[in-house]
Amino acid sequence: MKFNGYLKLRIGEALNLKPTTFSRRHTVIFNKAPQTLDPYIMVKVDDFKVGQTHTKQKTNMPTYNEEFCLSVNDGKQIELAVFHDTPIGYDDFVANCTIQFEDLIKTSNTGDTFEGWDLKPLQQCKLNLFRPGATACFSL
């Protein structure tokens, strides 16, 4: 089932983000303190980037409270991907989650809310999705 309509997405916070292997390389080599991240979340609808949060500096539990409003045509899924903003080279992948619009439509029509979707690998992110006539709250 495809989604057509207006979507408002609010990204709240990410919890207990784990440093990537690459970001921990100096911890082992130079015996430094545990690494924190400079995370941001990229939002995609069907492989098209529709938004990105601001980068939060030196934290593994960033709070964003950022909203994205967009019109979706024939949407199948939303993807949230967390990255560590690196000063040189490509940003490091931290975690991601894919949400099917079909699941959102079924749940929103019943009045239920989603809770407990996890980012892979083993991370969490809280967000709210709003559609005209229905609201779904998610804890990812």
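Residues numbered from 1 in each chain as written. Predicted model: local features only at pLDDT ≥ 70, side-chain atom pairs only at ≥ 80, totals over all residues. Heavy atoms only, no water.

Caption draft 1: Quick peek at the side chain of E66. Structurally, the position occupied by E66 is in strand β4 (residues 63-75). One buried charged residue, E66, remains without a salt bridge, the closest side chain of opposite sign being K56 at 4.8 Å. Looking at E66, its side chain comes within polar contact range of the main-chain nitrogen of H54, at 3.1 Å. If we skip the residues at most four places from it in the chain, E66 touches L9, R10, I11, Q52, T53 and H54. (Helix = DSSP H or I, 4+ residues; strand = E, 2+ residues; numbered from the N terminus. Buried < 20%, exposed > 50% of the residue type's maximum accessible area, 1.4 Å probe, protein only. Lys, Arg positive; Asp, Glu negative; His and termini not counted. Salt bridge = Lys/Arg side-chain N within 4 Å of Asp/Glu carboxyl O. Polar contact = N/O pair within 3.5 Å; in protein donor to acceptor, adjacent residues only side chain to side chain. Contact = heavy atoms within 4.5 Å.)

Caption draft 2: Main features of the sheet that holds strand β5 (residues 77-84). Pairing within the open sheet is antiparallel, and its four strands lie in the order β3-β2-β5-β6. Of all strands in the sheet, those bounded by a partner on one side alone are β3 (48-52) and β6 (92-100). With strand direction ignored, the average angle separating the axes of adjacent strands in the sheet is 25°. Pairing of β5 with β6 involves eight bridges; the strand directions are antiparallel. Bridging across to β6, I78 finds its partner in I99. (Pairing = 2+ DSSP bridges. Axes fitted to C-alpha atoms, helices over the stretch in contact; angles between N-to-C directions.)

Caption draft 3: Main features of the nonpolar core. Among the nonpolar cores identified, the biggest contains 24 residues, and L7, I11, V43, V72, I78, L80 and F101 are the most heavily contacted of them. When contributions to this core are tallied by element, the ones reaching two or more residues are β1 (3-15), β2 (39-45), β4, β5, β6 and α2 (101-110). Considering each element in turn, this core owes the most residues, five residues, to β1. (Core = buried A, V, L, I, M, F, W, Y, C linked by side-chain atoms within 4.5 Å.)

Caption draft 4: How the structure looks around the environment of R24. As for its placement among the helices and strands, R24 is situated in the loop between β1 and α1 (25-29). You can call R24 partly exposed: its relative accessible area is 39%. In this structure, the C-alpha to C-alpha distance between R24 and T36, residues 12 residues apart in sequence, is 9.0 Å. Excluding anything up to four places from it in sequence, R24 contacts P19 and Q35.

Caption draft 5: Just the pattern of salt bridges, in detail. By the definition in use, this model includes two salt bridges. Note that E67 is salt-bridged to K8, the shortest N-O span being 4.0 Å. A residue pair is termed long-range when its members are at least 10 positions apart, and E67 in strand β4 and K8 in strand β1 qualify at 59 residues. Taking relative accessible area as the criterion, E67 reaches 39% and is therefore assigned partly exposed. Put simply, R10 and E67 hold a salt bridge, and the shortest N to O gap is 3.2 Å. Of this pair, R10 sits in strand β1 while E67 is found in strand β4, placing the two residues 57 residues apart along the sequence. It is possible to trace a salt-bridge network through shared partners that takes in K8, R10 and E67.

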